[in-house]
Amino acid sequence: CCSLAFFFLLSPRPPRSSPLPHTTLFRSAQSILETASFYFPEGGQLTPTDNNFAGMDACDSCATGSAFADARTGVRAQMQLLRVYADANLTNDQLNPAAVNPKLDQHFLKGLVTTWNGLTHTWATADAYGDRILEIYEQILGWLTDQAEI
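In this text the structure is predicted, and so the values were computed from the model without any measurement. (Residues numbered from 1 in each chain as written. Predicted model: local features only at pLDDT ≥ 70, side-chain atom pairs only at ≥ 80, totals over all residues. Heavy atoms only, no water.)

J.: Give a detailed account of the overall build of the protein chain, specifying residues and quantitative values.
T.: Across its full length, the protein chain holds 4 helices and 0 strands. The proportion of buried residues among the 150 residues of the protein chain is 43%. Of the contacts formed within the protein chain by residues at least 6 apart in sequence, a portion of 47% connects residues at least 24 apart. When the accessible surface of the protein chain is totalled, it reaches about 8300 Å², and 52% of it is carbon and sulfur. (Helix = DSSP H or I, 4+ residues; strand = E, 2+ residues; numbered from the N terminus. Buried < 20%, exposed > 50% of the residue type's maximum accessible area, 1.4 Å probe, protein only. Contact = heavy atoms within 4.5 Å. Areas by Shrake-Rupley, 256 points an atom, 1.4 Å probe, with all protein chains shown as cover.)

J.: Provide a residue-level description of the pattern of salt bridges, including the pertinent values.
T.: Tallied over the full model, the rule gives 1 salt bridge. The shortest N-O distance in the salt bridge between R132 and E135 comes to 2.7 Å. Of this pair, R132 and E135 both sit in helix α4 (residues 129–148), separated by 3 residues, roughly a single helical turn. According to the relative accessible area criterion, E135 is partly exposed, its value standing at 38%. (Salt bridge = Lys/Arg side-chain N within 4 Å of Asp/Glu carboxyl O.)

J.: So, the packing of aromatic side chains: which residues are in play, and what are the values?
T.: Within this structure, the stated rule accounts for 5 aromatic pairs. Considering the side-chain rings of F26 and W116, the 4.9 Å spacing of their centres and the 10° angle between planes classify their relative orientation as stacked. You can see F26 sitting in helix α2 (residues 24–35) and its partner W116 sitting in the loop between α3 (71–86) and α4, a full 90 residues away along the chain. Among the residues examined, F26 registers a relative accessible area of 10% and is labelled buried. Note on W116: relative accessible area 4%, which makes it buried. An aromatic cluster is present here, built from F26, W116 and Y137 joined pairwise through their rings. (Phe/Tyr/Trp six-rings, centres within 6.5 Å; stacked < 30°, edge-to-face > 60°.)

J.: Account for the nonpolar core, with residues named and values stated.
T.: Residues M56, L81, Y85, L119, W123 and I133 are the most contacted members of the largest nonpolar core, which totals 33 residues. Counting residues per element, the ones that place at least two in this core are α2, α3 and α4. (Core = buried A, V, L, I, M, F, W, Y, C linked by side-chain atoms within 4.5 Å.)

J.: Hey, could you go over α4 for me, with residue numbers and the actual values?
T.: Here α4 spans 29 Å end to end across 20 residues, near enough to the 28 Å set by a 1.5 Å rise per residue. Buried within α4 are the following residues: Y129, G130, I133, I136, Y137 and I140. The buried residues of α4 occupy an angular sector of 125° when the element is viewed end-on, so they sit on one face. Turned more than 90 degrees from where α4 packs its buried face, E138, Q139 and D146 sit exposed. At its buried positions, α4 is contacted by α2. Taken from the residues just after α4, E149 is the one with a positive phi, measuring 55°. (Expected span 1.5 Å × (residues − 1). Arc of directions from axis to C-beta.)

The values are spatial; any link to function lies outside them.
What follows is the structure in C-alpha cells.
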C-alpha cells in the first residue's frame, strides 16, 4: 500500500497548542503498530483500501473499522481524533481543514487522554499499547539519527 515516506508526506503539521504531542513521528509510530508496518495482515479488520492507518473504529468485536475516501482523509481523521482525545476545549469550528467526523468534538473521551501511554485501554485494548507506540517512535528516532550520523 504505502511507504513510510508517503505517510510522512500526507501528515499535516502538528498543532502547537495541543497538550498531546501530535508529531508526524508519533502518529507514524501508531500507524506502524496498527497496520503491522503497513502490511495490513490478512484476516485483520482493515485493508489498504480502507485508508485507515490507525485502527479507528476497529474494535475487538467488530468486523471492520472505518474506511476513508483517500489516504489523506484517513491521516487527517487520525490526527483529529488524537487531538480531540487530548484537548478538552477543541471544537470542530477550530479545525482547518474541517473535521472528518462531524461529531468529533462530542467524543466521549474528549480531553481525557493527554499522554501516549494514556492511549492504552482507550484507543486500543492492548495492555501495552502506548508503550509499543513509544518503542516504535524510539526506533524511528534511532534510524533517523543513524542516517544523519549524529
